[in-house]
Amino acid sequence: MTPNTYHLACGTLALLAVSFSFAMARGAAAAQQSEDLRLWYRQPAGEWVEALPVGNGRLGAMVFGGTHSERIQFNEDTLWIGEPHDYSHPGAAEHLPTIRTLLFEGKQRDAERLATEHFMSVPLRQMPYQPVGDLKLHFPGHDKATEYRRELDIDEAVATVQYEVEGVAFTREVFASAPDNVIVVRITADKPGEVNFTGTFESPHADTSTLAVGEGQLALRGRLGALYERANVEIEEPLRFEAHLQASTDGGSADASNEAIEVKGANAATLILAAATSYRGFEDVGGDPAARCAEAIGAVTGKSYDELRRAHVADHRSLFRRVSLDLGGPGAVEQPTDERLKAFKNGGDPQLAALYFQYGRYLLIAGSRPGTQPANLQGIWNERVNPPWEAKYTTNINAEMNYWPAEVCNLAELHRPLFDMLDEVVISGRRTAKVHYNCRGWVLHHNTDLWRGTAPINNSNHGIWPTGGAWLCQHLWWHYEFGGDRKFLAQRAYPIMKEASLFFVDYLVEDPKTGWLISTPSNSPEQGGLVAGPTMDHQIIRNLLANTIEASRILGVDADLRQTLVEKRAKIAPNQVGRHGQLQEWLEDKDDPDNHHRHVSHLWGVHPGNEITPRGTPELNAAARKSLEFRGDGGTGWSKAWKVNLWARFGDGDHTYRLLAGLISDSTYPNMFNAHPPFQIDGNFGGTSGIAEMLLQSHTSEIHLLPALASAWPAGSVKGLCARGGFEVDITWRDGKLASATIRSKLGRACKVRYGERVISLKTRPGKGYRLDGDLKTRS
């Protein structure tokens, strides 16, 4: 025992156990929510990345806020090009031994050519996510508005537009309701009879029509194209889609024709927008979108706008208000958000970082709900028929980064859509494992789509990367680590992890030079071409096998398989330190210190992995840090976000903050969407995760308070973050030092708490809270 280590036990006089409900704790957090939870602007959006997002996990909309002409661009999360399809390449496994031999002989280009011809997905590209269309509202005479303000309140999840025309004040509110499964638009005026507008649908898809389908109700009906030109793919059964718009008024009238809804002389108007597709599952597209829209509209008929709004806000806040963050200072709330973003790197506005953190949580709530599709490269927001990278699920970092905040930021149930996708990917991944590798289990390469493609895509020099599924399995384990749900582990997580591990039992081969087990063919995303034994693969596989071993032990099952996994894991090629003092990215010591590539794949073991840590593996940690120094602080938006998390794991708060400031100021659009560029939402989620990592870490079997606090935040507080083992944590700091902390135990497990070099041990009881001072001593 060191002098700074204190062992405290619940039940002794040394420790005060404070009992209170988690609902009360969350209520306290809500009471301290900063007023700076609004994005606001002095002008309408001129571009899509200036519009404000709302969503309910299934429906997403971008609100532009025009006065004379409002555009509300909207999406439905199952509208994708394509149809049920097996992407596997028949006969691929026959060529696997030759590809491996060529790589062992150093004939990389020959291996890539052979793989391109015989080993890649059919077709070579996966399918893109699609927009449904636009709701256009035309307000005659509103082209000369004054007193304009446009905002998004992320505490309420409501977008608002306010302005005046000839002495009349108009207000427009838009939200996407998860409880009622619709998008709601409310238009009011402060004088009677002044609400007059026409509502129409527009769609970028050729095969669409509009028609009146009831009193005050307009429908958009469409079918996606039968040819995806970008991949030269003919589609036999394209998805059908539909959107319904129902108008009701307070006074005046609302009439629907086959082209438009016209509202005249109303005091206020409410629009209900529903949308659906014929998708019922990745192997079934026989749904009825018209019936689904009618059901959604019918379910809210008779509900007042106030009822709809109250239910929506209550639902959103039940998730959003679990966590509050105050980074000190008043915040430049009097400045519009676009101006604050430009000025942020000059300092003096710490609350903008808090807003950025909470905006990431807002986007996850809006973009991923139980029962929906998981958040893709753009969440659920996309206006293009050919979006960048098809707006699909890129699993060599981007899809995973989307869910980095889910557990630590107290939004665990929003992880479920990712797990639902995994259930389906396992089915298609079994086919790919057999057809491409003649292996048991299942495999996923670096992308999937709505149709759950798992075969390698695009190009053999970066598409053959068999550890995408293994990485996603880490999220299953995290969900168990944070929540402790043994039933989830037994029935949901372990079967998927077990099959993923079985694939690598069969897939790993012995390196003829070293005798280590290695992953080949593969690549180090997304550089260096097709290789044998990239470091990232081995880190991910070790993590998967370790978690599967531990799950098997906890559940008391599969002892023989457990032993096999232990033996295989011990033989995997280890992390290596190269001639520049760097962590090697490949088996060979060939890293270039002048390489500033956006990917830092070989640092996976630092974050999101946990096998390289400052205290546990100091030599490897120093080498990993050297590698990150070589890569530099530049990169795309998501790359900067990853580096924020990495520097936080290194415990360097000021370097972490420097990356964060660059991410917020230089890689963020006016609406606070992350800029790759173009827009990718992963950087938003990675930035939120990185801020959480600065304040709380729990990946080394202890709750580490303020592990990477930046000097730019000398005082502040956070409430409601989560730690592994079933704990919620509140932290307050002053003068750059811990002032107090509260650890709330959900499961009653023992834990260690660290601040700096001081560590205490706690034995806890479920539902109890433990208050500590800055020296980790108990407080009354």
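Computed from a predicted structure; not experimentally measured.

Points about the sheet that holds strand E17 (residues 240-250)
With respect to topology, nine strands assemble into an open sheet ordered E3-E8-E9-E10-E11-E20-E17-E14-E13, the strand pairing being antiparallel. Of all strands in the sheet, those bounded by a partner on one side alone are strand E3 (38-41) and strand E13 (208-214). Each adjacent strand pair in this sheet contributes to an overall mean axis angle of 15°, direction not counted. Relative to strand E8 (residues 146-153), E3 runs antiparallel, the two sharing four bridges. Each bridged residue has a counterpart across the sheet, and for Trp 40 the counterpart in E8 is Glu 151.

Here we look at unusual backbone geometry
As a rule of thumb, non-glycine residues mostly have phi less than zero, and peptide bonds are mostly trans rather than cis. Geometrically, the link from Val 122 to Pro 123 is a cis peptide bond, its omega value of -5° lying close to zero. Assignment of secondary structure puts Pro 123 in the loop between helix H3 (108-118) and strand E7 (133-138). Although it is not a glycine, Asn 181 sits at a positive phi angle of roughly 60°. Note that Asn 181 resides in the loop between strand E10 (168-177) and strand E11 (182-189). The class of Asn 181 is partly exposed, set by a relative accessible area of 30%. Backbone geometry at Asn 232 places phi at a positive 55°, although glycine is not the residue there. Along the chain, Asn 232 turns up in the loop between strand E15 (227-228) and strand E16 (233-234). For Asn 232, a relative accessible area of 64% puts it in the exposed group.

A closer look at the packing of aromatic side chains
Counted under the stated rule, the structure contains 25 aromatic pairs. The interplanar angle of 45° and the centroid separation of 5.4 Å between the aromatic rings of Phe 419 and Phe 488 together place this pair among those described as tilted. Of this pair, Phe 419 sits in helix H10 (residues 416-437) while Phe 488 sits in helix H13 (residues 486-507), placing them 69 residues apart in sequence. Taking the relative accessible area as the measure of exposure, Phe 419 reaches 1% and is therefore buried. With relative accessibility at 10%, the residue Phe 488 sits in the buried group. Ring geometry for Trp 647 against Phe 650: centres 5.5 Å apart, planes inclined by 75°, an arrangement best described as edge-to-face. Residues Trp 647 and Phe 650 agree in their burial class; the two are buried.

Some details on a negative patch on the surface
Together, Glu 147, Glu 164, Glu 166, Asp 190 and Glu 194 give the surface a local cluster of negative charge. Summarising the element assignment, Asp 190 is placed in the loop between E11 and strand E12 (195-202).

Some points on helix H19 (residues 682-695)
If you check H19, its first and last C-alpha atoms are 20 Å apart, about what 14 residues at 1.5 Å a residue would give, namely 20 Å. Most of H19 is tucked away: 14 of the 14 residues are buried.

Section: the packing of H10 against helix H12 (residues 468-483)
The interhelical angle for the contact between H10 and H12, taken along N-to-C directions, is 130°, at an axis separation of 10 Å. With respect to each other, H10 and H12 are oriented oblique. As H10 runs across H12, the sense of the crossing is left-handed. Contacts between H10 and H12 pair Leu 418, Phe 419, Met 421 and Leu 422 from the former with Leu 472, His 475, Leu 476 and His 479 from the latter. Grouping the constituent residues of the contact of H10 with H12 by class yields six nonpolar, two polar and no charged.

Parameters and conventions
- Residues numbered from 1 in each chain as written.
- Predicted model: local features only at pLDDT ≥ 70, side-chain atom pairs only at ≥ 80, totals over all residues.
- Heavy atoms only, no water.
- Pairing = 2+ DSSP bridges.
- Helix = DSSP H or I, 4+ residues; strand = E, 2+ residues; numbered from the N terminus.
- Axes fitted to C-alpha atoms, helices over the stretch in contact; angles between N-to-C directions.
- Buried < 20%, exposed > 50% of the residue type's maximum accessible area, 1.4 Å probe, protein only.
- Phe/Tyr/Trp six-rings, centres within 6.5 Å; stacked < 30°, edge-to-face > 60°.
- Patch = residues over 30% accessible without salt bridge, like charges linked within 9 Å, V, L, I, M, F, W, Y side chains within 5 Å.
- Areas by Shrake-Rupley, 256 points an atom, 1.4 Å probe, with all protein chains shown as cover.
- Salt bridge = Lys/Arg side-chain N within 4 Å of Asp/Glu carboxyl O.
- Lys, Arg positive; Asp, Glu negative; His and termini not counted.
- Charge placed at Lys NZ, Arg CZ, Asp CG, Glu CD.
- Expected span 1.5 Å × (residues − 1).
- Parallel < 35°, antiparallel > 145°, perpendicular 65-115°, else oblique.
- Left-handed = near helix turned anticlockwise from the far one by under 90°.
- Contact = heavy atoms within 4.5 Å.
- Nonpolar A, V, L, I, M, F, W, Y, C, P; charged D, E, K, R; others polar.

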